[in-house]
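Per-entry structural report
In case you want the letters, here they are:
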Amino acid sequence: MRKPAIIAALAALSFPLAAAAAHSKHAPASAPALAPEQTAPADNDQTLRAMHDELERSRNRLQLAGVEKPFYIEYRLLDLDVRSVSATFGALVSSTTSRNRFMSVDVRLGDYHLDSSNFISEDGFQGFLGSTGEVGIDGDYNSLRQDLWLATDQAYKEAATQMSLKQAFLRSLTKPPEIDDFSQAPTLVKLEPRLQPDWTARHWEDEARTAAAVLRSFPQLYGSRVNYHLIYATTYLMNSEGTTIRTSRSLAAIEVALDTQADDGMPLHDFYALYVARPADLPDAATAGRAVAQAGTELMELRASPLVPDYTGPVLFDARAAGSMLSQVLAPSLSGARPPLSMMRAFDQIMERMGGRSEWSGRVGTRVLPPSVSLVDDPTLKDYQGHWLQGNYEVDDEGVKAQRVSMVENGVLKNLLMSRRPGPDFQASNGHARSANLSTPQPLSSNLFFQSNEPLKSADLRKKFLDACRADGHDWCIEVKRMDNPALASVRQEDFSEFIGSIAGGIATGERMPLLIYRVYVADGREELVRGGRIEGLTLRSIRNLLGIGDDPAVFGYMQNPAGGFAGTALGAFGAAQGGIPSTVIAPSLLLEEVEIRGFHGEPRRLPLVQAPPFR
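**Let's talk about the overall build of the protein chain**
The secondary structure content of the protein chain amounts to 10 helices and 27 strands. Buried positions account for 57% of the 616 residues belonging to the protein chain. For the protein chain, the share of sequence-separated contacts (at least 6 apart) that also reach a separation of at least 24 residues comes to 82%. As presented, the protein chain carries roughly 24,900 Å² of accessible surface, and 50% of it is formed by carbon and sulfur atoms.

**Some remarks on helix α2 (residues 46-61)**
The terminal C-alpha atoms of α2 lie 22 Å apart, and with 16 residues this matches the ideal 22 Å at 1.5 Å per residue to within 8%. All of the buried residues along α2 are Thr47, Leu48, Ala50, Met51, His52, Glu54, Leu55, Glu56 and Ser58. Contacts from the buried residues of α2 go to β1 (72-88), β2 (91-108), α3 (141-171), β6 (189-191), β7 (223-239) and β8 (244-261). Two to three positions downstream of the cap, the backbone nitrogen of Thr47 sits 2.8 Å from a side-chain oxygen, assigning the N-cap of α2 to Asp45.

**Things to note about the side chain of Glu192**
Along the chain, Glu192 turns up in the loop between β6 and α4 (204-213). Residue classification places Glu192 among the buried positions, given a relative accessible area of 18%. Here the side chain of Glu192 touches Ser248 through a polar contact of 3.2 Å, landing on its backbone nitrogen.

**Description of the nonpolar core**
One finds Phe317, Trp360, Leu375, Phe450 and Ile543 to be the most contacted residues of the largest nonpolar core, which totals 57 residues. In terms of residue count, the dominant contributor to this core is helix α6 (residues 319-334) (seven residues). In this view, Leu375 contacts Leu330, Leu334, Trp360, Leu369, Val405, Ser406, Met407, Val408, Leu448, Phe449 and Phe450; residues no more than four positions away in its chain are not counted. Counting residues in hydrophobic clusters, the runner-up holds 46 residues, among them Met266, Phe271, Ala489 and Leu515.

**Overview of the pattern of salt bridges**
Throughout the structure, instances matching the rule amount to 38 salt bridges. With a shortest N-O distance of 3.9 Å, Arg598 and Glu536 are connected by a salt bridge. Of the two residues, Arg598 sits in strand β27 (residues 590-598) while Glu536 sits in strand β23 (residues 534-536), which places them 62 residues apart along the sequence. On the basis of relative accessible area, Arg598 is assigned to the partly exposed category, the value being 38%. Classification of Glu536 as partly exposed rests on a relative accessible area of 28%. The network of salt bridges with shared partners includes Arg108, Asp115, Lys166, Asp181, Arg338 and Arg421.

**Looking at the pairing of strand β20 (residues 476-483)**
Within β20, seven of the eight residues are buried, which leaves the element mostly enclosed by the surrounding structure. Relative to strand β21 (residues 514-521), β20 runs antiparallel, the two sharing seven bridges. The partner of Glu479 across the bridge, within β21, is Tyr518.

**A closer look at the pairing of β21**
Most of β21 is tucked away, with eight of its eight residues classed as buried. Pairing of β21 with strand β22 (residues 527-530) involves four bridges; the strand directions are antiparallel. If you follow Arg519 over to β22, its bridge partner there is Glu528. Hairpin connection from β21 to β22: five residues lie between these consecutive antiparallel strands, with Gly525 at a positive phi of about 75°.

**Quick word on the sheet that holds strand β16 (residues 412-413)**
Spatial strand order, β16-β15-β12-β19-β26-β25: six strands in an open sheet with mixed pairing. Two strands close off the open sheet at either side, each with one partner strand: β16 and β25 (554-560). By the bridge criterion, two bridges tie strand β15 (residues 405-409) to β16 in an arrangement that is antiparallel. Bridged to Glu409 within β16 is Val412.

**Focus on the layout of surface pockets**
Here the second largest pocket defines a volume of roughly 1,200 Å³. Ala233, Ser248, Arg249, Ser250 and Asn392 are, among the 46 residues lining the second largest pocket, the residues nearest its centre. Counting only elements with at least two residues in the lining of the second largest pocket, the list comes to β1, β7, β8 and β26 (581-587). Looking at the lining of the second largest pocket, its residues break down into 24 nonpolar, 11 polar and 11 charged.

**Thoughts on unusual backbone geometry**
Phi at Asn118 is positive, roughly 55°, even though this residue is not glycine. If you trace the backbone, Asn118 turns up in the loop between β2 and β3 (119-121). Given the relative accessible area of 1%, Asn118 is considered buried. For Asn410, which is not a glycine, the phi torsion comes out positive at approximately 50°. Turning to its location among the elements, Asn410 is positioned in the loop between β15 and β16. With relative accessibility at 48%, the residue Asn410 sits in the partly exposed group.

**Details of the packing of α2 against α3**
Here α2 crosses α3 at 40°, and the two axes come no closer than 9 Å. Along this stretch, α2 crosses α3, giving a crossing that reads as right-handed. For the pair α2 and α3, the contacting residues are Gln46, Thr47, Arg49, Ala50, Met51, Asp53, Glu54, Arg57 and Ser58 in the first and Tyr141, Leu144, Arg145, Leu148, Trp149 and Thr152 in the second. Here the residues of the contact of α2 with α3 sort into six nonpolar, four polar and five charged.

**A look at the packing of α4 against helix α5 (residues 285-303)**
Running from N to C, α4 and α5 point in directions that differ by 30°, and their axes come no closer than 8 Å. As far as their axial angle goes, α5 and α4 are roughly parallel. In terms of crossing hand, the pair formed by α4 and α5 is right-handed. Residues Glu207, Thr210 and Ala211 of α4 lie in contact with α5, whose contacting residues are Ala285, Ala288, Gly289 and Val292. Considering only residue class, the contact of α4 with α5 consists of four nonpolar, two polar and one charged.

**Quick look at the side chain of Thr152**
Of note, Thr152 is situated in helix α3. You can call Thr152 buried: its relative accessible area is 1%. Within the structure, the side chain of Thr152 is placed 2.6 Å from the backbone oxygen of Leu148, a separation counted as a polar contact.

**A word on the packing of aromatic side chains**
One pass over the structure, following the stated rule, counts nine aromatic pairs. For the ring pair Phe71 and Tyr112, a centre distance of 5.7 Å and an interplane angle of 75° mean the geometry is edge-to-face. Here Phe71, found in the loop between α2 and β1, pairs with Tyr112, found in the loop between β2 and β3; they are 41 residues apart in sequence, far enough to count as distant. By the burial criterion, Phe71 is buried, and Tyr112 matches it. For the pair Tyr112 and Phe182, a centre-to-centre distance of 6.2 Å together with 10° between the ring planes defines the contact as stacked. Within this pair, whereas Tyr112 is found in the loop between β2 and β3, its partner Phe182 is found in the loop between α3 and β6, the two being separated by 70 residues in sequence.

Conventions we followed
- Residues numbered from 1 in each chain as written.
- Predicted model: local features only at pLDDT ≥ 70, side-chain atom pairs only at ≥ 80, totals over all residues.
- Heavy atoms only, no water.
- Helix = DSSP H or I, 4+ residues; strand = E, 2+ residues; numbered from the N terminus.
- Buried < 20%, exposed > 50% of the residue type's maximum accessible area, 1.4 Å probe, protein only.
- Contact = heavy atoms within 4.5 Å.
- Areas by Shrake-Rupley, 256 points an atom, 1.4 Å probe, with all protein chains shown as cover.
- Expected span 1.5 Å × (residues − 1).
- Polar contact = N/O pair within 3.5 Å; in protein donor to acceptor, adjacent residues only side chain to side chain.
- Core = buried A, V, L, I, M, F, W, Y, C linked by side-chain atoms within 4.5 Å.
- Salt bridge = Lys/Arg side-chain N within 4 Å of Asp/Glu carboxyl O.
- Pairing = 2+ DSSP bridges.
- 1 Å grid on protein atoms, 1.4 Å probe; cavity = no way out; pocket = protein on both sides within 12 Å on 5 of 7 lines; lining within 4 Å.
- Points joined across faces, edges and corners; volume = space filled by probe spheres on them.
- Nonpolar A, V, L, I, M, F, W, Y, C, P; charged D, E, K, R; others polar.
- Axes fitted to C-alpha atoms, helices over the stretch in contact; angles between N-to-C directions.
- Left-handed = near helix turned anticlockwise from the far one by under 90°.
- Parallel < 35°, antiparallel > 145°, perpendicular 65-115°, else oblique.
- Phe/Tyr/Trp six-rings, centres within 6.5 Å; stacked < 30°, edge-to-face > 60°.

Here's what the structure looks like:
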């Protein structure tokens, strides 16, 4: 059943779960037939065989009376093996192992210039949603062909309807868009071996319990959750242009959330997240337990810290905090794709509310960042200075080979990230269409490098920070050491909804959520942890001129959230392992000249009437 994007965007105030809701994407008119050698893998994969045979049947025979034939058909299939273990305070909450297969069928009518996609009518979003569903996990040839046949028929009828609506809308415009709806791309055949799940011989339930048990020593905690996620995914893509892709990858994660209240009733939380390429790469239970205990200690220190007053002045973002901040601030402007046509002003308003407006569209050739800065996105890199880069891939989710893209050189905008959806500045894809669980592929970052050719050593950057504070007449200034991620820090689903609801109204105007804030005193450099602050007015223009850039680049790994239109907006950085898009930002410490910190002005909650019972 279709869900309009307006409703979906509002309904997205929930955890980014691995619900494989899929969408649509399409391509060329008289496409060549698929060559037999392109689709006959040595391992006799019946999934590829079924996809090929049904695609050929649809390409040759699918047509309704009085309706044009599709000019592009695409099949995507996701084979997902997931093992999830959850524990709290040493007790096992859940342990599941699941195997699922999902499909997405996308059909386009028209041609490359004008097709049936990317259109929002008065009934809601009709451009990205295709025929999707769950298919059998046994890879049976006949069963899969029948599922694809039914889904293709449905997608074709939907495409015919939306093409009619779109053409009617275009006739009402005085100047219809001249940009193409879809770009051509080279045919690519890439068949990787299927990865078989390897959960290893480790006892994951025992490890989760052991890691969670260390939090028993923090009686002030109100809630905690230690989650282990072990994920193996094989993705198939086949289209009527001749592209045939089968790729496999794995991801393992530990995500920890914990919360409490300060003595004055203020709710507080902390989180820990670790992502690695394979389950075997996860640290042992003792090492994970130490990291979890560190998060607990950190939260207890935050609980005992004073409230931060309102502040405006220089702010130093440590390297890891800078990576998180940049993932939010830069995301809306990295894409060069044209937004969908919309009959509804509410759609644009919702995208604006979620911080989805690009500030770089139409500004190619102008300065957008400090003159010393370069900005590069490179999905082809797998590691950086010994750190695994989780945003790496070889082929994007539209079957285009991944490419290194230099977006900003010496502060000047040169390029943008592109899918096969053309934009006003660039038309061709550069291999950056990304999605999760068959969601709509969009131009998103992968491994994003923020670099300067005039970096300052850490001591010099700190001196410049204190000098700027002194020149502004401050006795102390603010240093941000970690940014928040409510998708990971929320123990309960309603907590995440509350966080997003409270920040969504200000995200477009630059409201950001720091987690660890320190007062740094000018007189002696002493640091003091404070709580309750939110950053206001921190937009892309805030980093156009920086007081200083460090020489200490750090790798910040995170999961982009594709749910409900979050991807490509400032809220897209708030994702989790299940249903998220693996991404990385490599950035150094950044010194901003003027940032506004707003102290806590809300109503504190009442403390519990009785203390929590002790663990025995």
